[in-house]
Amino acid sequence: MEKVAIVKRKHRKTFKGVVVSTKMNKTLSVDVQRKFLHPLYRKQVISNKKYHVADPKGICKVGDTISFVETRPISKTVCYRVLAVTKKAV
């Protein structure tokens, strides 16, 4: 009789961002914007970062707002996958 091990996954980070490029095969470039207070000057700073996100179904277009989640490494630069399209581009 086999024993089946139940694997509990750790909390995975989720992000929201805007698709800026779909030119790669099954991969998107997504720009994520975050605001934070500068530790010394106490001024709000806006920081942008681009992530490569896997989109195997090809459902996202440039300008869409999506949510994506961390996952195992899919390729050299891709470690995220699309969860849902939050807002479609006009």
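Right above here is the structure, for reference.
Thresholds applied
Residues numbered from 1 in each chain as written. Predicted model: local features only at pLDDT ≥ 70, side-chain atom pairs only at ≥ 80, totals over all residues. Heavy atoms only, no water. Core = buried A, V, L, I, M, F, W, Y, C linked by side-chain atoms within 4.5 Å. Buried < 20%, exposed > 50% of the residue type's maximum accessible area, 1.4 Å probe, protein only. Helix = DSSP H or I, 4+ residues; strand = E, 2+ residues; numbered from the N terminus. Contact = heavy atoms within 4.5 Å. Salt bridge = Lys/Arg side-chain N within 4 Å of Asp/Glu carboxyl O.

> Sorry if this is basic, but what is going on with the nonpolar core here?
If you look at soluble globular proteins, the nonpolar side chains tend to sit buried side by side. If you look at the biggest cluster of nonpolar residues, it comprises 12 residues: Phe 15, Val 19, Leu 28, Val 30, Val 32, Tyr 51, Val 53, Cys 60, Ile 66, Phe 68, Tyr 80 and Val 82. Listing elements by their share of this core, those giving two or more residues are strand S1 (14–24), strand S2 (27–37), strand S3 (44–54), strand S4 (65–70) and strand S5 (80–87). Setting aside residues no more than four positions away along its own chain, Val 82 makes contact with Leu 28, Val 53, Ala 54, Asp 55, Cys 60, Ile 66, Ser 67 and Phe 68.

> Sorry if this is basic, but what is going on with the pattern of salt bridges here?
Working definition: two side chains of opposite charge can pair if their charged atoms are close together. The final tally for this structure, using the stated rule, is one salt bridge. Linking Lys 88 and Asp 64 is a salt bridge whose minimum nitrogen-to-oxygen distance equals 3.8 Å. One end of the pair, Lys 88, is in the segment after S5; the other, Asp 64, is in the loop between S3 and S4, and 24 residues separate them in sequence. On the basis of relative accessible area, Asp 64 is assigned to the buried category, the value being 1%.

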